Amino acid sequence: MIALLSQTAPATPDLKLVRVYIFAEAGDDAVKTAALRESVKDLSAGLAAKKKSVVIVDDEDRADVVLEVIERTRTVPRVVFGLAARPGQPSSGVPPPVRVVHLRVTLTHRDESVKLANKNAPLESAGGWKAAADDIVKQCERWIADNHARLLANR
């Protein structure tokens, strides 16, 4: 399990803040695990900045909401501008196709689970993965705001 232990909650957090635990399951693939760790870090940083509504905790048992990074994928958009070499023909200096990144997470509160994916279409880069995480942070923040009273009532 990959969890970010920095940016954690103070010993006595404000009781009005929703406590969030963020993690990803570590796999056998070191590259995939490192990528998931990067997204955990991006999501933690984004949610930690929401100091008026959320606090990041380092223990799943203390959390009101658990956010699990499920996967990071890339796709090549179907729409291609310009002409590329046909199959079997040598490339004429055409750059490789751009890839769009997709980040998928599961937000869980008790026995309720919501799957979230970034709605924007950032291109593959360090900034693209962060943009995808920022989009997920906005969705999480909206879900937490919509369910704030219920989250705090169930403590």
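About the criteria used
Residues numbered from 1 in each chain as written. Predicted model: local features only at pLDDT ≥ 70, side-chain atom pairs only at ≥ 80, totals over all residues. Heavy atoms only, no water. Helix = DSSP H or I, 4+ residues; strand = E, 2+ residues; numbered from the N terminus. Expected span 1.5 Å × (residues − 1). Buried < 20%, exposed > 50% of the residue type's maximum accessible area, 1.4 Å probe, protein only. Contact = heavy atoms within 4.5 Å. Pairing = 2+ DSSP bridges. Right-handed = clockwise from strand over helix to strand, strands pointing away. Phe/Tyr/Trp six-rings, centres within 6.5 Å; stacked < 30°, edge-to-face > 60°. Lys NZ or Arg CZ within 6 Å of the ring centre and 35° of its normal. Salt bridge = Lys/Arg side-chain N within 4 Å of Asp/Glu carboxyl O.

### What to know about helix 1 (residues 30-48)
1) Next: Given a rise of 1.5 Å per residue, 19 residues ought to cover 27 Å, and the 26 Å separating the end C-alpha atoms of helix 1 matches this to within 8%.
2) Next: Along helix 1, the residues classified as buried are Thr33, Ala35, Leu36, Ser39, Val40, Asp42, Leu43, Ser44, Gly46 and Leu47.

### Thoughts on the environment of Glu38
1) Next: Among the secondary structure elements, Glu38 is positioned in helix 1.
2) Next: For the pair Glu38 and Ala126, spaced 88 residues apart in the sequence, the C-alpha separation amounts to 9.4 Å.
3) Next: Excluding its chain neighbours within four sequence positions, the residues that come into contact with Glu38 are Arg72 and Trp129.

### Brief notes about the pairing of strand 2 (residues 18-24)
1) Next: Of all seven residues that make up strand 2, six are buried, and the element is covered over most of its length.
2) Next: For strand 2 and strand 3 (residues 54-56), the ladder comprises three bridges, and the chain directions are parallel. Across the sheet, residue Val20 finds its bridge partner in strand 3, namely Ile56.
3) Next: Crossover handedness for the path strand 2 to helix 1 to strand 3: right-handed.

### Some details on unusual backbone geometry
1) Next: Notably, Arg110 is not glycine yet its phi reads approximately 55°, a positive angle.
2) Next: Residue placement: Arg110 occurs in the loop between strand 5 (100-109) and strand 6 (112-117).

### Structural notes on the environment of Glu68
1) Next: With respect to the helices and strands, the residue Glu68 is situated in strand 4 (residues 65-75).
2) Next: If near-sequence neighbours (up to four positions away) are discounted, Glu68 is found in contact with Phe23, Glu25, Arg104, Val105 and Thr106.

### So, the packing of aromatic side chains
1) Next: Summed over all chains, the structure comprises one aromatic pair.
2) Next: It is Arg72 that lies over the ring of Trp129; its NZ or CZ is 3.7 Å from the centre.

### Some details on the pattern of salt bridges
1) Next: Counted according to the given criterion, the structure contains nine salt bridges.
2) Next: Asp64 is paired through a salt bridge with Arg19; the nearest N and O atoms lie 3.1 Å apart. Placement of the pair is Asp64 in the loop between strand 3 and strand 4 and Arg19 in strand 2, with a sequence separation of 45 residues.
3) Next: Residue classification places Asp64 among the buried positions, given a relative accessible area of 8%.
4) Next: Via salt bridges that share partners, Arg74, Arg99 and Glu124 belong to a single interconnected network.

Honestly, that's just the spatial picture; any functional story needs more than this.
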